[in-house]
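Residue-level listing of the chains:
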Amino acid sequence: MNSPVRAMRAVGLDEPLFVGRGEGAYLEDVDGNRYLDWVMSWGPLIFGHADLETVAAVRDAAERGTSFGAPTEAEVELAAEIVDAVPSVEKVRLVSSGTEAAMSAARLARAFTARDRILKFAGCYHGHVDALLAGAGSGVATLGLPSSPGVPPATTKDTIVCKFNDVDAVASTVAEYGEGLAAIIVEPVAGNMGVVPPEPGFLEALRRLCDASGALLVFDEVITGFRVARGGAQELFDVMPDLTILGKIVGGGLPLAAFGGRAEIMDRLAPSGDVYQAGTLSGNPLATAAGLAVLRRLGDPSVYEQLEQRGARLESGLAPHGRVQRVGAMATLFMTDEPVRNFDDAQRADTDRYGALFRHLLDRGIYLAPSQFEGMFVSLAHGDEEIDRTIQAIADFG
Ligand SMILES: *Cc1c(COP(=O)(O)O)cnc(C)c1O
């Protein structure tokens, strides 16, 4: 496989399923078995698999050429959709993966502030960027690797890791390192240690500490962007970062991601500024077509009302069977009775029990994320029938 989270070792299986096709909320593996899918490519597919409008837009674009290495109108249109949707974003650059977006945002924040240190949170994942691969959630946590070989200590020496939801720890870190701090980077709703919402006041405190120290606040909204609200977690919680990282939904299921923010910061990027960042396939025509086909339908408020209703139905059905944590259309059923506020709490969940639940559901044609430290991603293709069948199967597990 080409990404370790797809392996099923963490849930006690030797081989992952190999997918043949998908439609709506369902997957079919190469042996013809059908599964109700709660992974949804780890979040991008807000309208489900093989969404007709997305497929048509990609096919149309492909007929006109798959890559030019020169600007196209669709890139400008997608940028305009992003700027319109995400409150703090005035200018945006398109890239091909969330990792690339996070790496570039970190470079830009360091250049803009002329500082080196970055504060991140244990269990938050920002792609496999060397400097941010310290205390990173899901894949790394699932594999039990404290960090990764191949990342030189010099690369992470300016990365400071704090506990999520721990304002005091951040405040004392800022007091100690504030002058050299380029950025605080955070998943505003953590999704890579399982779903962990920010406690009231946490994001506001980060904003205040950044303002006081001159560091930039960077929201990694790769999962939350266009999911918890059209404008992401910053809209939902009304806290504005300086830079925002987007991915997953923004590309409509094709390889596309973005970073954006205040114009004054974004103007530092080449060619208008001196911070180098580039990509042969950045703003790729197929990916921008898919992104536009999705984003243009998200302006209708009923999309988020429906996602909330479906998420709430799932949450109330799962509540008797563990600790459910949910924000909008992302939820985790933790195998614990205790609240999960941070990565330490998440690691106290019973992962063996989660593995047994995963296998029980897979036998019944329901595909959960093959790790306790991930979310269930509700899409508009998940109707009451899909939600209720999942709840019933989890209740049968006992
Ligand atoms: C998935 C993810 C990334 C990395 O995106 P890729 O496209 O896989 O490189 C970064 N940040 C968060 C919050 C993510 O969930």
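Before going into details, it helps to say that this report is about the structure given with it. Since this is a predicted model, take the numbers as computed values, not measurements.

1. Focus on the overall build of the chain
- Along the chain, the regular secondary structure elements total 14 helices and 14 strands.
- For 398 residues, the compact-globule formula gives about 21 Å, and the C-alpha radius of gyration of the chain, at 20 Å, lands near that figure.
- With the principal axes as the frame, the chain shows a C-alpha extent of 55 × 50 × 40 Å.
- Here the chain holds 398 residues, and 58% of them are scored as buried.
- Intrachain contacts of the chain at a sequence separation of at least 6 include 72% that bridge at least 24 residues.
- As displayed, the chain has an accessible area near 16,400 Å², and 50% of this comes from carbon and sulfur atoms.
- The centroid of the 34 positive side-chain charges in the chain is displaced by 2 Å from the centroid of its 54 negative side-chain charges.

2. Description of the nonpolar core
- One finds W38, I82, F226, L298 and Y367 to be the most contacted residues of the largest nonpolar core, which totals 56 residues.
- Per-domain counts for this core show at least three residues from each of domain 1 (4-51 + 301-397) and domain 2 (53-297).
- Look past the residues within four positions of F226 in its chain and what remains in contact with it is I46, I82, A85, V86, G232, L246, I249, V250, L295, L298 and Y304.
- Core analysis: the second largest hydrophobic core is formed by 31 residues, V196, L209, A215 and V340 among them.

3. Comments concerning the packing of aromatic side chains
- Summed over all chains, the structure comprises five aromatic pairs.
- With a centroid separation of 6.1 Å and 90° between ring planes, the pair formed by F121 and F164 is classed as edge-to-face. Here F121, found in strand β5 (residues 117-121), pairs with F164, found in the loop between β6 (159-162) and α6 (167-177); they are 43 residues apart in sequence, far enough to count as distant. As far as burial versus exposure is concerned, F121 and F164 are alike and both buried.
- Measuring from centroid to centroid gives 6.4 Å for F358 and Y367, while their planes differ by 70°, and the two rings are edge-to-face.
- We classify F358 as buried; its relative accessible area is 0%.
- Assessed through its relative accessible area of 10%, Y367 is described here as buried.

4. What to know about the site of the ligand
- S97, G98, T99, Y125, H126, G127, E187, N192, D220, V222, I223 and K248 make up every residue found near the ligand.
- Between the ligand and G98, the relevant distance is 2.8 Å, taken from an oxygen atom to a main-chain nitrogen or oxygen of the residue.
- Note that a nitrogen atom of the ligand is positioned 3.2 Å from one of the backbone N or O atoms of Y125.
- Calculation on the ligand without its partners gives an accessible area of 380 Å², and the protein chains cover 81% of this total.
- Partitioning the shell around the ligand into residue classes produces three nonpolar, six polar and three charged.

5. Remarks on the sheet that holds strand β14 (residues 376-377)
- The three strands lie next to each other as β11-β12-β14, forming an open sheet whose pairing is antiparallel. The strands lining the two open edges of the sheet, one partner per strand, are β11 (323-327) and β14.
- As defined by bridge partners, β11 adjoins strand β12 (residues 330-334) across five bridges and the pair is classed as antiparallel. The residue bridging V324 from the neighbouring strand is L333, located in β12.

6. Digging into the pattern of salt bridges
- Per the stated rule, a full pass over the model turns up 19 salt bridges.
- The partner of D158 in a salt bridge is K157, and the shortest N-O contact between them spans 3.2 Å.
- Judged by its relative accessible area of 16%, D158 falls in the buried class.
- When its relative accessible area of 60% is taken as the criterion, K157 is described as exposed.
- A salt bridge links R268 to D274; its shortest N-O distance comes to 2.8 Å.
- Taking relative accessible area as the criterion, R268 reaches 26% and is therefore assigned partly exposed.
- Residue D274 is classed as exposed on the basis of its relative accessible area, which comes to 58%.
- Look at the salt bridges and you will find they share partners, linking R207, D211, D242, R262 and E264 into a network.

7. Some words on the pairing of β11
- Of all five residues in β11, four are buried; the element is thus mostly enclosed.
- Between β11 and β12, which follow one another and run antiparallel, lie two residues, and G328 among them has a positive phi close to 55°.

The rules we used
Residues numbered from 1 in each chain as written. Predicted model: local features only at pLDDT ≥ 70, side-chain atom pairs only at ≥ 80, totals over all residues. Heavy atoms only, no water. Helix = DSSP H or I, 4+ residues; strand = E, 2+ residues; numbered from the N terminus. Rg over C-alpha atoms; globule rule 2.2 N^0.38 Å. Buried < 20%, exposed > 50% of the residue type's maximum accessible area, 1.4 Å probe, protein only. Contact = heavy atoms within 4.5 Å. Areas by Shrake-Rupley, 256 points an atom, 1.4 Å probe, with all protein chains shown as cover. Lys, Arg positive; Asp, Glu negative; His and termini not counted. Charge placed at Lys NZ, Arg CZ, Asp CG, Glu CD. Core = buried A, V, L, I, M, F, W, Y, C linked by side-chain atoms within 4.5 Å. Domains from an automatic or database assignment. Phe/Tyr/Trp six-rings, centres within 6.5 Å; stacked < 30°, edge-to-face > 60°. Near = heavy atom within 4 Å. Polar contact = N/O pair within 3.5 Å; in protein donor to acceptor, adjacent residues only side chain to side chain. Nonpolar A, V, L, I, M, F, W, Y, C, P; charged D, E, K, R; others polar. Pairing = 2+ DSSP bridges. Salt bridge = Lys/Arg side-chain N within 4 Å of Asp/Glu carboxyl O.

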